[in-house]
Amino acid sequence: MNSVPDIFRILPEVILTLTGVAIMLTDASLPSGVARRSLGWVGAIGTTFALWASLWQLSLPVGTGFYGTVETSPFTVFFHVLICGIVLVALLLSMDTLPENSHHQGEFYALIVFGSVGMCLLTGAVELLLVFISLEISSIATYVLAGYRKDTARGPEAAIKYFLLGSFATGFLLYGIALIFGATGTTQVYEIARLAPTAENHGFVLAALALMLVGILFKVSAAPFHVWTPDVYEGAPSPVVALMSTAPKAAAFALLLRVVYEMFPSLHATWLPLLWVVAVLSMTVGNLAALRQQNVKRMLAYSSIAHAGYLLAAFAGLGSSGIAAASFYTAAYAAMNVGIFAVVTLASGYDEQRPLVEDFRGLIYRSPLLGSLLIFFLVSLVGIPFTGGFFGKFYSFSAAVGGGAVWLAVIGLLNSGLAAAYYLRLALAAAQRKAADEGDAAIPTPQVGIAVGAALLLAVAATLVLGIVPNDVLRAAEAGAHTLQAPPVQTTASGNAFVQQP
Amino acid sequence: MNEINNSILTLILLVPLAGALLVAIAPDRAKLPNWIALLTALVTFGLTLHLPAHFVLGQGGFQFEVNRPWIESPAIHYHVGVDGLSLWLVVLAGLLAPIGIVASWNTIKERRKVFYALFLLQQTAMFGVFVSLDLMLYYGFWELSLVPMAILIAMYGRKDGPRAALKFFLFTFIPSAPLLVALLWLYAQTGSFDFVTLQILISHGSFSASALCWVALAFLLAFAVKVPVFPLHGWLSDTFSEAPVALAMVVAGKLGLYSMLRFHIGLFPVQARAVAPTLIGLAVIGILYGACLALVQRDFWRLMAFAALSHLSLITLAIYGLTLTGWEGAVYQILNHGVVDAALFLLLGLLYDQYSTSQINAYGGLAAKLPNTATLFVIATLGMIGLPMLGGFVGEFIILSSTFTGVSRSWTIAAALGVILGAAYMLWLVQRIFYGPESPLTASRPGNDLHPGQLAVLAPLAVLMLVMGLAPSFWLAAIQTGVHPPPLKQSQASPANVLVLPSMSIPSLGEGPR
């Protein structure tokens, strides 16, 4: 069909898999007393190569490989780069924060890298079975990572909760796939897009859409499928939360974009109101619940639910503007969220003796760097101009307004005003002086090492770049949006319009 | 010279930012951050003085304009420029920065780096608001100005900083949400965020009237909270009692009032006329309500807050009187209020530093102990209450006379009553603090009168008040070119040159309902 060897279509995934295998083998062959920290560097280097490989894929002609199951296009490259970037930061962050004597560090890094294989594959998959497999690869790695702190009560609880609910959600997705196979006789996304509008059993198609949406919305922790989020985030180690609150979500959003825009463009009138409602619910539920949280990680968990809502608002945009806005928002959200979890990891320590908002009081006095960074990322989450958070919201809501959903934008922005209250509570606590009677001698000053310093630098730079010179990223997001071929809604009569070129 | 003219506004924006970075990088040794900040502020002030020196009077449109694309899609431009309206406001902002730094010189003892870096960042944001001609750029600076303010109030609040900071932030941040939606809606309709383009498009009236009405209301709401206009002043007194002196000088008034003139009346003249009677009513209530509450305050920060409410309401009255002279008076009064408030805050801050209380009745008989402080305080007070020969008189006179002839006699009488009450509470404040018997508190501590640095700041301010009172035409000349309409023909011939406020084409309310 095309002259590109199939292996090039999955080059980043291949590199990541090899890296993971290398980490596991080295881990097994090292004597038990030797520190595994340096394996993190192996992972980081492998991820960097995977990132370059993704960028290199831009030079390939857009198309699919392996009998039409994997696609490479600017869209997949955008998300590949994003996911590799997040994984890189998460690896660097873990290296300085995992306890030195941990025997399982090797597994930890390998799991992160294997998980990222699944996430990357998910963004490129155009065959529903591959979608399912890659979703499982990424999920299983995340389930294990969530329960990494086995010695605490919360760790296994988080893992089991995440696993049980996650399996249910994947089950829904699988049912959806089965139903759409029943209706159209295929599991290839472009074929489905072509056949779905004329499928005899329209009820099956609708049910498939609904079930698949449930499965995916669970993964992005949008209300009302969000209940697992706070508990899992609280129980999982912070570096893992930095990863799992961003990278799997980015992959899931890529899948959502593919499903609604590429597979079911004909059902635009059906999924749009659904996503509209989910968006409003997510923002409102997330923000209202976050207002009352005292635990920083739970608060940020609810905040991530709210951000999923802002992101879903972009889906109200017309055609490619919505896709571009959603892609951009994913990147902006990832940059600032990874950053804030990195700061939280450092400030509250690996074993989290000090997880409450109150414990962050006076952080800027204890550690000016961490305090300022915390405030910076919170300011970005609030959505103040000249930070990534602002342009994310800006594009998302301008897509919504452009698509005629002015009320969605109003609700969203009022919500972001509400959200400012709890973000600021944390920021102002960090800026506040400690009361004179509380000695702060007991609290050690967090140290910022090289690896974690690089992680923070990456996150800060990404947040600033997205906020001040977003042109390039936006262009990339738009290029991706065009390859996703979001057709205008009106032309759904001629299904042929949506078949991808190869 | 042309090159300087082209880059001067960018320099004014960048120098404080560079100073902020420098403060953040430099070691926190002795008073190094203070000196860097002061130097930066003085250089910036010097740069702002370039504007009036090379401003061409009588020329319509914006000057020192720069218009470069910043973000491609949506099309956001780095479009800055000043006209008569914003010219002196930029200079005022430049003037207040060194004063604020001098006021914080000895007060801020901890984390100086954070304070001065954020203070300078705030400065950039404020200049940005005054010079931005692209609505998204404007919105960016508008929001940006909130952050350093909130953090500084939280960090350096006197008693309960974080609470006041949160209140301030939410009060001003939440109304900016509808503002952003309104901007996005305008963009979705027109494909432009450019002020001048939008002004032309809106005046050609291709929008549905009801939608435009909501958009204008969203603009107005955001600005009215920031001014503040009664009944949206809930944040003001807490912020004034908590904010460091340097920030209290700039937190209220200027930004909101300027935005009203430029972006509410400037973009939506028709809608502004529709809401003008309501705002005039609210302004008069604000004048009287603020004055009455100021009379009964026991805390001088709160007194200053309600005094500010009263004075800013007077300016709001002038703006929504929709008369040309009223607008001149309004801009002039913003300048005057800025100068006078700066002096008063500086002096009150010094008193607070020495006696660490803001309870008025704890003071008494300070005039004998601190003669220079007392003298300057009295001069500033007289400037505030509008004694002839000082700046306040000119501003208030123009505002009241334009309201009297152009809007409504009864409202003017009510507003004038507020001015009289203003004299009462301010003079009573002076009497309670500086005269009468010495209070136990002031008797117990040795008083430090102004040191040379403070005197070097305050004496020029006092002279400035006098000059503003004696030779107002120096400032009014430029303000008039900003406020007055261009010859109608020219504006039709080349729409690109349409002046700031095409709203002049509306007949003033004089003919309207009395």
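What comes next concerns the included structure.

### Structural notes on the nonpolar core
For step 1, the next point in the chain: Counting residues in each nonpolar core, the largest one holds 404 residues, and the members touching the most others are Phe 264, Trp 271 and Phe 315 of chain A together with Phe 219 of chain B.
For step 2, the next point in the chain: Considering each element in turn, this core owes the most residues, 20 residues, to helix α15 (residues 319-348) of chain A.
For step 3, the next point in the chain: Ignoring any residue separated from it by four or fewer positions in sequence, one finds Phe 315 of chain A in contact with Phe 253, Leu 256, Leu 257, Val 260, Tyr 261, Trp 271, Leu 272, Leu 275 and Ala 326 of chain A.

### Describing the interface of chain B and chain A
For step 1, the next point in the chain: Taken together, the 37 residues of chain B in the interface contact 39 residues of chain A.
For step 2, the next point in the chain: Overall, the association of chain B and chain A removes approximately 3200 Å² of surface from exposure, summing both partners, and the carbon and sulfur fraction of that is 78%.
For step 3, the next point in the chain: Of all residues in chain B, Trp 70, Arg 111 and Leu 184 of chain B bury the most surface against chain A, accounting for 17% of the area lost on that side.
For step 4, the next point in the chain: For the pair chain B and chain A, the number of links is zero salt bridges.
For step 5, the next point in the chain: The interface formed by chain B and chain A includes two residue pairs in polar contact (both at pLDDT 80 or more).
For step 6, the next point in the chain: Listed by contribution, the elements that provide at least two residues to the side of chain B that touches chain A are β1 (63-71), α5 (135-144), α6 (146-156), α7 (161-173) and α8 (176-190) of chain B.
For step 7, the next point in the chain: A per-class count over the side of chain B that touches chain A returns 30 nonpolar, three polar and four charged.

### Things to note about unusual backbone geometry
Only a minority of non-glycine residues have a phi that is not negative, and only a minority of peptide bonds are not trans.
Residue and element names in this part refer to chain B.
For step 1, the next point in the chain: Across the junction of Val 227 and Pro 228, the peptide omega takes the value -5°, indicating a cis bond.
For step 2, the next point in the chain: Tracing the backbone through its elements, the reader meets Pro 228 in the loop between α10 (209-226) and α11 (236-242).
For step 3, the next point in the chain: Of the consecutive residues Phe 230 and Pro 231, the connecting peptide bond is found in the cis state with omega at 5°.
For step 4, the next point in the chain: Topologically, Pro 231 is positioned in the loop between α10 and α11.

### As for the environment of Thr 40 of chain B
For step 1, the next point in the chain: Its place among the elements puts Thr 40 of chain B in helix α2 (residues 32-54).
For step 2, the next point in the chain: Placed 23 residues apart in sequence, Thr 40 of chain B and Leu 17 of chain B show a C-alpha to C-alpha distance of 9.3 Å.

### What about the pattern of salt bridges?
For step 1, the next point in the chain: Applying the stated criterion across every chain yields a total of 16 salt bridges over all chains.
For step 2, the next point in the chain: Between Arg 37 of chain A and Asp 96 of chain A there is a salt bridge whose closest N-O contact spans 2.5 Å. With Arg 37 of chain A in helix α3 (residues 37-56) and Asp 96 of chain A in helix α4 (residues 74-97), this residue pair connects regions lying 59 residues apart in the sequence.
For step 3, the next point in the chain: Residue Asp 238 of chain B pairs with Arg 302 of chain B through a salt bridge whose shortest N-O separation is 3.1 Å. On the criterion of sequence distance, the pair formed by Asp 238 of chain B in helix α11 and Arg 302 of chain B in helix α15 (residues 300-320) is long-range, its members being 64 residues apart.
For step 4, the next point in the chain: Residue Asp 238 of chain B is classed as buried on the basis of its relative accessible area of 10%.

Analysis parameters
Residues numbered from 1 in each chain as written. Chains lettered and ligands numbered in written order. Predicted model: local features only at pLDDT ≥ 70, side-chain atom pairs only at ≥ 80, totals over all residues. Heavy atoms only, no water. Core = buried A, V, L, I, M, F, W, Y, C linked by side-chain atoms within 4.5 Å. Buried < 20%, exposed > 50% of the residue type's maximum accessible area, 1.4 Å probe, protein only. Helix = DSSP H or I, 4+ residues; strand = E, 2+ residues; numbered from the N terminus. Contact = heavy atoms within 4.5 Å. Buried area = accessible area lost by both parts, 1.4 Å probe. Salt bridge = Lys/Arg side-chain N within 4 Å of Asp/Glu carboxyl O. Polar contact = N/O pair within 3.5 Å; in protein donor to acceptor, adjacent residues only side chain to side chain. Nonpolar A, V, L, I, M, F, W, Y, C, P; charged D, E, K, R; others polar.

No statement about biological role is implied by the geometric values presented.
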